Every structure is written in structure tokens, then in C-alpha cells.
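One-letter residues, chain by chain:
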Amino acid sequence: MTKTGKTFKRSNLSLAKSPTGIRGFDEVTGGGLPLGRPTLLCGGPGCGKTVLATEFLVRGAMQYNEPGVFMCFEETAEELIKNVASLGFNLNELVARKRLALDYVFVERSEIEETGEYDLEGLFVRLNHAIDSIGAKRVVLDTIEALFAGLSNIAILRAELRRLFRWLKEKGVTAIVTGERGDGTLTRHGLEEYVSDCVIVLDHRVTEHVATRRLRIVKYRGSFHGTNEYPFLIEEHGVSVVPITSIKLESTASAERISTGIPQLDAMLGRKGYFRGSTVLVSGPAGTGKTSVAAQFVDAACRRRERCLFFATEESSSQILRNMRSVGIDLDMWLSKDLLRFHCSRPTTLGLEMYLVTMHRLVTEFKPHVVVVDPISDFEAAGTHTEAKGMLMRVVDFLKMHQTTALLTSLTSGSGSPEFTEARISSLIDTWLLLRNLEASGERNRGLYILKSRGMPHSNQIREFVLTDHRIELADVLLGPSGVVIGSARATQEAQEKAVALNRRNEIERKQSSLEHKRKAFEARIAALQAEFAAEAQELEAAILLEEGQEKGRLHARTEMARRRGTNSTKETQE
């Protein structure tokens, strides 16, 4: 289904539609209102009929190049211009540019009662002139009760209604005809809904002191449409409708990982952090640090130049900023850079549906990478368990469709099982962090562990959660004789272990010193023996040399003696 030009078509065989441009409305109607056909918009006083009809004309003129005619029977054109100016609609400008024509028709009921006659020819002539003067493609008649207020004959009334709706069809304009709710019927006369191609009912009800506007499509000839009641909001930007039943489980699962802002927690989550686009729940009793974990995540995201939207249901933004500064988290600078925005209001102020509409609008406008809701527990104060779960389910699905990472905090009572959320949405959560109060040695400390984290290996350790003046720290696990040691007992055991380690180091150093002393003594003895050996060797060598010299002398003397004796014998023979 694509929106092109003036019509919104599913196929060549489907009903051509005229997009309204109203947020969420075109989605629940499958593309808008039936093109070239009249639509009945009915409801009680204050439900928003005139506002929705006016926005239909304004969006058509500004976004789809379709001029429109607004014919009112109860309020003057000047009154209408003033009433919708608060929504940002400048009707005077559109009239000056001939994109919009306003006409006020006054119908005197007493004159109809006196003459007993009623004829729409004058209305048709007047309306036809207004349409042709600006080439209008859209028409609003507000309201039909004022037009037929003087008719009591049902037969004539039915005939004139059919005639009016048939004339609008023949003219080929996409029309909205507003009507008031009747007693037990959709409209005052109970006939308009039967001659209309599309019937939309608006409701303004008060439940548990909370006012809520809702929209329901009763009938839509030739087209599929949502059949549930849809909450809608009238605010400074116009009408916003939340298509709560159109959200499907078709979101893309990202494999990208983003940091939690706490290095030790990243390490517990496979050293990488959360999956982008996943839903994270941080639950625990009061005072365990849930908001601090959320703020640390927001700070890390802003440092990555990602936009963050923070929904606070219990505290003002000023209070959150002040409190986070005490733990070394400065969020003020991200506000000034428009990377962070706060929306602080209690769900009980508007009701669940209106809060959902507000979240839908703010996310669509700001397009954040990260959304924080702190805490979701307050939604139960604005409705039942079932309503709160349904609302949060729609929030989670909506954010997943936009690949927005959501971090929700939930207050638990502290009694019973910690693996329980007051809103009962644990099955929707991808990563669930539990904060607990750990009591030991007469004091209370904080602990954190990961109950689950889909699609990744994660630690099963319970880590001590410490709020310092320089951000959050998760202490390494320290085991004592009776289990994990925390708090002052941890400090005591760490001191004892340090003392034991110091004694061990001292003993090692003493033994190393003794060993070195013995090594030096041994080396000194070796040196003395070597010196003694060298001296004795020198004496022996000298003695050996002396002995060798003496031996050579004896041999030489003997040889000389032998030589002399040989000489004497020769001489004696010759003589």
C-alpha cells in the first residue's frame, strides 16, 4: 500500500481513498476516507468532531493539493477560525490563497415549522458555488442536526438525507458530515448511518476521573478497517490517533551491540552490552538505583551522539538532573545539545490511552535511538493490570518497529519473588536486570544480577552495586567462608586479605634475602677456595718446574761426562 498524489490505493480493484494526513488515522482506515464519497462523523459534545473535520480539510489543502469547503450551520466562520487557531491552523491564510472556503448557513427552525416545507435546493446551489469557486475536492458539513432540526416527518427526513448524500457523491467530493449522538443510536435521527458509506464514531468518556477520547470505525463499505476503539489526542499539533491493533510482530532483530554505560555490566553481558532495538527491564525495590542505571545508559548513548527520550512518571526533569549529579552523571549538557529530552507527567493525568498517544507522537517527532520510561509501575495507577499490560505491550512493539532501544524501570514491593513485575510484562523483555537489597552484618547494600538476556551469553553472578560520586561501579565477586561478602564485611575481609598478602610478601622477601645471603656466602667460600687453589697450584707448578730443571741438569751432566770419557779413550789408543 503506497500513498501517491491524492489517493491511497491497495490495488486496481480496491476502493480509492483520500488520505487525511492525520497521524495514525490513515493507518486504521487502511489509507484514509473513501474518495469521492461522504463519511459520517458522529459523537457527543466535546468529542472532537469539528476539530477532526477541520484538520481533514487543512491537511488536504496543505499536503495533498486538495482545496476544501467548510460549511457550518452552528458557529460562524469567525468563531471557527478562532477556535482552531490554538491547533496551529491558520484558516485565514488558506482562505486568502483560495485553498479553503468557509461558509456559515443559518437555518431558522421556526420558519420550517411554520411553512411545513423543506427544500435543499438552496443549499445545493450555495455549496456548489463554493466548491466551484476554488475547485474543492473536500467538503465538511457541520452539523447535520442543525440542517434538519425542523423536520419531524421521518419519511421526508430520510428522503432529504438520501438526496444530500447522493448529491455529494455525484459532485465527486470527499465529504465529512458531522452528526450528534442520539439516545441509543449513533446519530440524533438514527438514519444517517444507513445512507453513509463510512461511519466513524467519536467518544469522550470519563473513567476513574480520567477523561479519554476514542475513535471507532463502525462501517466502511468496500474496504477493510480496524474495528477496535482507538485512543486519540487533541493537542497543539492537531489530532493524533494510535493504531494499537495494527502493530505486528514483524520488527527486525539487530545484531549490533551498544554499551550500557557501565563497563562491568558490559562484561557481564558478553563484554558488549545490550542489543540495539531490544527492550531492557531494570526492576527492584525503592532505593536500589534503577533510575541511576537508566541515566548511565542515557549518558553513554548521548556520548555516542544518539538521541534519547526520557519519560519520567514520578519526578521532574530538574529533580532527576540534580539527583544524577550526585553520582557523577551530568545530563545537563545533553539537554543543551538537544540529544536528550524529558517528558515528565503522571499517567493518571491523561489516562493510559492518552499517555500512549503522547509517547507515540513524541517518538515519531524526535526519532530517538533510546527511550527510557521510569518507572512503568505508575501505569497501574491509571488503569487495571490488564490495561497497563496492554498499553506497555503496544509501547514495546511500537519501539521495536522503529529499532529504538527501550529501557524500562519497574518498582517492586520487595516482598515475594523478585522475578516478578507489577505490570506482568516480563515475557516481553529481552534483557532483565534485577536490583536487590542485600542485608548482611547489620547493614543493607545493593546487588545486581542478570535474570535473563536473550541471544547472548551472560554472567550468572550477583555483583555488589555501588553508587559512588563518580558514577556506578559493580564490585568483583568476593567469597568468604559463608558465601559472597558485601558492604563493610567486604571491606574487613579485603583488609584481612591484604594483611595476609602483605605478611606473605614479607615472608617471601625474608626467604629471598636469606637465600641471597647464603648464595653470597657460598660464592665467597668458592672464591676463597679458588684463591687457595690458585696459590697452591702456583707453588706446585714452581716445584714442578724446579724438579724438571734439576732433572734436565742431571741428564746434561751425565751426557757431558759420557762425552768426556769417550774422548779420553781415543787418545790413549792412538798413543
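Worth saying up front: this structure is predicted, and the values here are computed from it rather than measured.

1. Considerations on unusual backbone geometry
Consideration 1: Omega for the bond connecting Asp142 with Thr143 falls within 30 degrees of zero, at -10°, which places this linkage in the cis form.
Consideration 2: Mapping Thr143 onto the fold places it in the loop between strand S8 (138-142) and helix H7 (144-147).
Consideration 3: In this model, Asp374 is joined to Pro375 through a cis peptide bond whose omega is -15°.
Consideration 4: Its place among the elements puts Pro375 in the loop between strand S19 (370-374) and helix H16 (385-401).

2. With respect to the pattern of salt bridges
In a structure, side chains of opposite charge can pair up when their charged atoms sit close to one another.
Consideration 1: With the rule as written, the count across this model stands at 27 salt bridges.
Consideration 2: Residues Arg276 and Glu306 are paired through a salt bridge, measuring 2.5 Å at the closest nitrogen-oxygen approach. Placement of Arg276 in the loop between strand S15 (274-275) and strand S16 (279-284) and of Glu306 in the loop between helix H11 (290-303) and strand S17 (308-312) is noted, with a sequence separation of 30 residues between them. Both residues of the pair, Arg276 and Glu306, belong to the buried class.

3. Notes on helix H6 (residues 121-134)
For the α-helix, the turn length of 3.6 residues means that residues three or four positions removed from each other point alike.
Consideration 1: Spanning 14 residues, H6 covers 21 Å between terminal C-alpha atoms, matching the ideal 20 Å at 1.5 Å per step.
Consideration 2: Taken as a whole, H6 has its buried residues at Leu123, Phe124, Leu127, Ala130, Ile131 and Ile134. Projected down its long axis, H6 carries its buried residues within an arc of 135°, all on one side. Away from its buried face, by an angle of more than 90 degrees, H6 presents the exposed residues Val125 and His129.
Consideration 3: With its phi angle positive at about 65°, Gly135 sits one or two positions after the end of H6.

4. Focus on the confidence of the model for the chain
Consideration 1: In this model, the chain carries a mean pLDDT of 83, and residues with pLDDT of at least 70 account for 83%.
Consideration 2: Taken together, the stretch residues 1-12 has pLDDT below 50 and engages in 30 contacts with residues farther than four places along the chain or on a different chain.
Consideration 3: Within the model, pLDDT remains below 50 along residues 111-116, and this stretch shows six contacts once partners closer than five positions in the same chain are excluded.

5. Some details on the packing of helix H15 (residues 352-366) against H16
Consideration 1: Relative to each other, H15 and H16 sit at 10°, their axes nearing to 10 Å. The orientation of H15 with respect to H16, classified from their angle, is roughly parallel. Across the interface between the two elements, Leu352, Tyr355, Leu356, Met359, His360, Val363 and Thr364 of H15 pack against Glu387, Ala388, Met391, Arg394, Val395, Phe398 and Leu399 of H16.
Consideration 2: Here the contact of H15 with H16 is built from residues that sort into ten nonpolar, two polar and two charged.

6. As for the packing of aromatic side chains
Consideration 1: The final tally for this structure, using the stated rule, is five aromatic pairs.
Consideration 2: Ring centres 5.0 Å apart and planes at 5° place the aromatic pair Phe124 and Trp167 in the stacked group. One end of the pair, Phe124, is in helix H6; the other, Trp167, is in helix H8 (residues 154-171), with 43 residues separating them in the sequence.
Consideration 3: Of the residues examined, Phe124 reaches a relative accessible area of 6% and is grouped as buried.
Consideration 4: For the pair Tyr355 and Phe379, a centre-to-centre distance of 5.4 Å together with 70° between the ring planes defines the contact as edge-to-face. Of this pair, Tyr355 sits in helix H15 while Phe379 sits in the loop between S19 and H16, and the two are 24 residues apart along the sequence. For the residue pair Tyr355 and Phe379, the accessibility class agrees, reading buried in each case.
Consideration 5: Taking NZ or CZ as reference, Lys17 lies 5.2 Å from the ring centre of Phe224, over its face.
Consideration 6: When the ring centre of Phe275 is taken as reference, the NZ or CZ atom of Arg257 above it lies at 4.9 Å.

Conventions we followed
- Numbering of residues starts from 1 in every chain and runs along the sequence as written.
- Local features in this predicted model are restricted to residues of pLDDT 70 or higher, and side-chain atom pairs are both shown and tallied only at a pLDDT of 80 or more, whereas totals for entire chains, interfaces and linings draw on every residue.
- Only hydrogens and water are set aside; all other atoms, that is, all heavy atoms of the structure, feed into the side-chain values.
- Secondary structure is summarised from DSSP: a helix means a run of H or I of at least four residues, a strand means a run of E of at least two, and numbering begins at the N terminus for each.
- The salt bridge definition used is simple: a Lys or Arg side-chain nitrogen within 4 Å of an Asp or Glu carboxyl oxygen.
- Exposure is judged per residue with a 1.4 Å probe applied to protein chains only, and the accessible area is read against the type maximum: over 50% gives exposed, under 20% gives buried, and values in between give partly exposed.
- What a helix should span is 1.5 Å times the count of its residues minus one.
- Working note: the arc is built from the helix axis to C-beta atom directions.
- Note: pLDDT gives the predictor's confidence per residue, expressed from 0 to 100.
- Any pair of residues with heavy atoms lying within 4.5 Å of one another is described as a contacting pair.
- Between N-to-C directions, angles cover 0 to 180 degrees, with each direction set by a line fitted to C-alpha atoms, over the stretch in contact for helices.
- Angles are sorted into four bins: roughly parallel if under 35 degrees, roughly antiparallel if over 145, roughly perpendicular if 65 to 115, and oblique for all others.
- Residues are grouped as follows: Ala, Val, Leu, Ile, Met, Phe, Trp, Tyr, Cys and Pro are nonpolar; Asp, Glu, Lys and Arg are charged; every other residue, Gly included, is polar.
- Centre distance within 6.5 Å is the pairing criterion for rings of Phe, Tyr and Trp, where only the six-membered ring of Trp is used; planes under 30 degrees apart are then read as stacked, over 60 as edge-to-face, and the remainder as tilted.
- Charges are assigned to positions over rings by a cutoff of 6 Å between ring centre and Lys NZ or Arg CZ, combined with an angular limit of 35 degrees from the ring normal.

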